[in-house]
Amino acid sequence: MNAALRTVATIAVVALAYFATAQVGLVLALVQGQVTPLWLPTGISVAALLFFGRGIWPGIALGAFAANIALTAPLFSAVLITAGNTAAPLLAWYLLTRFGFRPAIDRLKDALLLVFAGALGAMLVSALVGTMALRIGGVIPWRDVPAVMSVWWTGDAMGVLVFTPLLLTLPKQWRAPPARLAEAVVLLVSTALVASFVTTSSERLLFLVFPMLIWAALRFQHAIAAPCAAIISVAAVMSAAGGHFSASSLLTTMIVLQAFNGSVALTSLILAAITSERNEAKRAIERACEQLAATVARSQEENARRRFGRVVPPGQASAR
């Protein structure tokens, strides 16, 4: 397959993935078709751009337009929303690549870039354009603009924070010895069980998910911490959609839910990045020590050769 065909195929896959995950996101809406606290397509879009480059943006646009038309949005509004849905991931891609983001997210810098540039910063574009498109199209009154924009922004941002790290680290998730694989499976299953329990329980036990996240981040970094964060966030949103996570009002529910999901995502993302950075620093120190020891051994051998006129084994050089 030549480069042009590969590009077309990639664009088609991205469009299909966007449309399909948009339908899943709408299933998780708190108000059917309106309030979606976890918009999966934004995470897929940013990850796809980082994987394949900006040339696949038509796939994002096609998927977004199909999703908006499926919602029976007015054509003018659908076009504007599609423009915002395409521009925001492109801006995230530009900012991340401009400031040296590494898809492995193995530095604290990378985690902070994803949070502030990729999620909170860039996703303001889609929220602003989308909300104004709904207002211009007469779908919402002016009094609802701030609430709709805030919901839109946090939903898109959470999609990036939860799903982009998962997709970026997906290729290396199962490269481990059998014992570590078994530990990872136990951790994922335990996280799912704990998340299901605490998000549907009448008791305020949400804090119980954080030991699972810490375990995952310290032992496996993003490879398992990202799936654990996704499991917990999806469980919380499903619980909110079913009424178990609800508060006195929709606005209060959204604030509590997004504060919880944000805490989960940040704990996973930042702790895993710091652990990766620490592990790399440890490996660098070990390599430097090995190189220093080899240099000292060669220096001792050379000194012994000059002194005695013959080669002395490294183990005997220091003794002489």
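Preceding this section is the structure that the text describes.
Cut-offs used in this document
- Residues numbered from 1 in each chain as written.
- Predicted model: local features only at pLDDT ≥ 70, side-chain atom pairs only at ≥ 80, totals over all residues.
- Heavy atoms only, no water.
- Helix = DSSP H or I, 4+ residues; strand = E, 2+ residues; numbered from the N terminus.
- Contact = heavy atoms within 4.5 Å.
- Patch = residues over 30% accessible without salt bridge, like charges linked within 9 Å, V, L, I, M, F, W, Y side chains within 5 Å.
- Areas by Shrake-Rupley, 256 points an atom, 1.4 Å probe, with all protein chains shown as cover.
- Salt bridge = Lys/Arg side-chain N within 4 Å of Asp/Glu carboxyl O.
- Buried < 20%, exposed > 50% of the residue type's maximum accessible area, 1.4 Å probe, protein only.
- Polar contact = N/O pair within 3.5 Å; in protein donor to acceptor, adjacent residues only side chain to side chain.

Caption draft 1: Expanded view of the overall build of the protein chain. Broken down by element type, the protein chain carries twelve helices and zero strands. Of the contacts made within the protein chain by residues no fewer than 6 positions apart, 69% connect residues no fewer than 24 positions apart.

Caption draft 2: Representation of a nonpolar patch on the surface within the structure. On the surface, Phe-65, Ile-69, Leu-75 and Val-79 cluster together into a nonpolar patch covering about 340 Å² of accessible area. Looking at the nonpolar patch, the elements with two or more residues in it are α3 (57–70) and α4 (75–98). Within the secondary structure, Ile-69 is located in helix α3. On the accessibility criterion, Ile-69 (36% relative accessible area) is partly exposed.

Caption draft 3: Region of interest: the side chain of Gln-258. Along the polypeptide, Gln-258 turns up in helix α11 (residues 250–308). When its relative accessible area of 10% is taken as the criterion, Gln-258 is described as buried. There is a polar contact of 3.4 Å between the side chain of Gln-258 and the side chain of Thr-154. In this view, Gln-258 contacts Pro-37, Thr-154, Gly-155 and Met-158; residues no more than four positions away in its chain are not counted.

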